[in-house]
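Survey of secondary and tertiary structure
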Amino acid sequence: PLRNTRVPLGTTFASFAEITVGTPAMTVGIDGMPIVAFFVDTGLGPDSLRTKRCAIISCGNLETTFTVTNDATDPASQAAISIGKDGLPIISYRANDPGPDESRLGIVHCGHISCDPAKGNDITYVSAGSGEFGYQSSITINTNGFPIISAADDQQLFLIHCSNEICSNSSVTSMLTQNPVDKFSSIAIGIDGWPIIAVNTTNILAPIEVLHCTASDCTAEIDVNVIESGASGVSLGSRVKLSIGLD
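Quick summary incoming for the structure in this document. Remember, predicted model here, so these are calculated numbers, not experimental data. (Residues numbered from 1 in each chain as written. Predicted model: local features only at pLDDT ≥ 70, side-chain atom pairs only at ≥ 80, totals over all residues. Heavy atoms only, no water.)

**Thoughts on the pairing of strand β7 (residues 103-109)**
Using the following cut-off: Burial classes follow relative accessibility: with a 1.4 Å probe on protein chains only, a residue under 20% of its type's maximum area counts as buried, one over 50% as exposed, and anything between as partly exposed. Secondary structure elements follow DSSP: runs of H or I of four or more residues count as helices, runs of E of two or more count as strands, with numbering from the N terminus. Two strands are said to pair when DSSP picks up at least two bridges between them.
Counting buried residues along β7, seven of its seven residues qualify, which places the element largely inside the surrounding structure. Where strand β6 (residues 89-96) lies against β7, seven bridges are found, and the strand directions are antiparallel. Note on β7: the bridge partner recorded for Asn96 is Ser103. Sheet topology note: the β7/strand β8 (residues 122-126) ladder contains five bridges and is antiparallel. Its bridge partner lying in β8, Gly106 is registered against Tyr125.

Take a look at the structure:
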């Protein structure tokens, strides 16, 4: 069916020449320019994780595309991107694992604001849970200045708490939820300085749970709040996103 879409004046469209898969992720660098992380179907095995940095704020011009890694699990899932306290992008994604039918979380700390691999990107891998681990991760920067990542398998939610800027050292905490999780999660830091995580569950009557931590690594008491659908069969969506309001 045809749909009439109104586009506000001043809207800029930036198109990619690549065949992208999954959902792109975007953040804004310390220079004020957006940077996009996305996957490309190479047609030759694992999908390729790439970045594009906008040359102007409106993204009307895009700089050179950089291939960050070619070890993303095929089919690739959504990447997550944030800017570290050093001003450089850091990306989490689901990566291939040498073992059969397994996956792991890949973490790329870029050596340049564009993530040009020639400038020295650091890649770290974290394994936990089942073969579905890392399917839809979310990354932010904790109050200590180090990355903190939520990721799930097909049953359980995990928190990866980095102990340095490039996340070469980290601890993994298994998060207790009231219902089995459904891979998608989103993390932010609350105004109290503690991580807060929203996650989709497999329970259609309670499809979203929000977990509020009382420690930076979420190893202390956790408050779990369930968001109910209100009526049987009413969907609240399957890809939860979380942000902190001005209030």
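There's more to say after this.
**Some remarks on the pairing of strand β13 (residues 181-189)**
With respect to burial, β13 is a largely interior element, seven of its nine residues being buried. What sits between β13 and strand β14 (residues 195-201) in their antiparallel hairpin is a turn of five residues, with Gly193 showing a positive phi close to 90 degrees.

**Quick word on the side chain of Asn121**
Our working definition: Nitrogen and oxygen atoms within 3.5 Å of one another constitute a polar contact, given that in protein one can donate a hydrogen and the other can accept it, and given that sequence-neighbouring residues count only through two side-chain atoms. What makes two residues a contact is simply this: any of their non-hydrogen atoms within 4.5 Å.
Counting through the fold element by element, Asn121 comes out in the loop between β7 and β8. Of the residues examined, Asn121 reaches a relative accessible area of 18% and is grouped as buried. Among the polar contacts made by the side chain of Asn121, one reaches the main-chain carbonyl oxygen of Cys115 at a distance of 3.0 Å. Filtering out sequence-adjacent residues up to four positions away, Asn121 remains in contact with Val68, Val108, His109, Cys110, Gly111, Cys115 and Asp116.

**What about the nonpolar core?**
Within soluble globular proteins, side chains that are nonpolar tend to cluster in buried spots. To keep it simple, the criterion reads: Note on terminology: a nonpolar core comprises buried Ala, Val, Leu, Ile, Met, Phe, Trp, Tyr and Cys residues joined through side-chain atoms within 4.5 Å.
The biggest cluster of nonpolar side chains holds 16 residues, and the ones touching the most others in it are Leu105, Ile107, Phe133, Ile149 and Ile160. For this core, the element with the most residues is strand β11 (residues 157-162), which contributes three residues. The next biggest cluster of nonpolar side chains, apart from the first, holds 15 residues, and it includes Ala37, Ile81, Tyr93 and Ala95.

**A closer look at the sheet that holds strand β12 (residues 170-175)**
Let me state the cut-off plainly: What counts as an axis is a line fitted to C-alpha atoms, over the stretch in contact for a helix, and the angles between N-to-C directions run from 0 to 180 degrees.
Ordered by their spatial adjacency, four strands build an open sheet running β9-β10-β11-β12, and the pairing between neighbours is antiparallel. Strands at the two margins of the open sheet, each flanked by one partner only, are β9 (138-141) and β12. Direction aside, neighbouring strands of the sheet carry axes that sit 20 degrees apart on average. Relative to β12, β11 runs antiparallel, the two being bridged by six bridges.

**Describing the environment of Asp153**
Mapping Asp153 onto the fold places it in the loop between β10 (147-152) and β11. As for Asp153 and Gly134, which are separated by 19 residues in sequence, their C-alpha atoms are 6.3 Å apart. Only 2.8 Å separates the side chain of Asp153 from the backbone nitrogen of Gln155, close enough to count as a polar contact.

**Observations concerning the packing of aromatic side chains**
Test applied: The pairing test for Phe, Tyr and Trp rings, Trp by its six-membered ring, is centres within 6.5 Å, and the orientation test on the planes gives stacked under 30 degrees, edge-to-face over 60, and tilted for anything in between. Over a ring means this: the NZ of a Lys or the CZ of an Arg is within 6 Å of the ring centre and within 35 degrees of the ring normal.
On inspection of all chains with the given rule, the structure shows zero aromatic pairs. One residue, Arg104, lies across the ring of Tyr125, its end atom 3.7 Å from the ring centre.

**Describing the pattern of salt bridges**
This is how the line gets drawn: When a carboxyl oxygen of Asp or Glu lies within 4 Å of a side-chain nitrogen of Lys or Arg, that pair is called a salt bridge.
Taken as a whole and assessed by the stated rule, the structure comprises two salt bridges. Between Lys85 and Glu165 there is a salt bridge, and its shortest N-O distance comes to 3.9 Å. Of this pair, Lys85 sits in the loop between β5 (80-83) and β6 while Glu165 sits in the loop between β11 and β12, and the two are 80 residues apart along the sequence. Its relative accessible area of 29% is what places Glu165 among the partly exposed residues.

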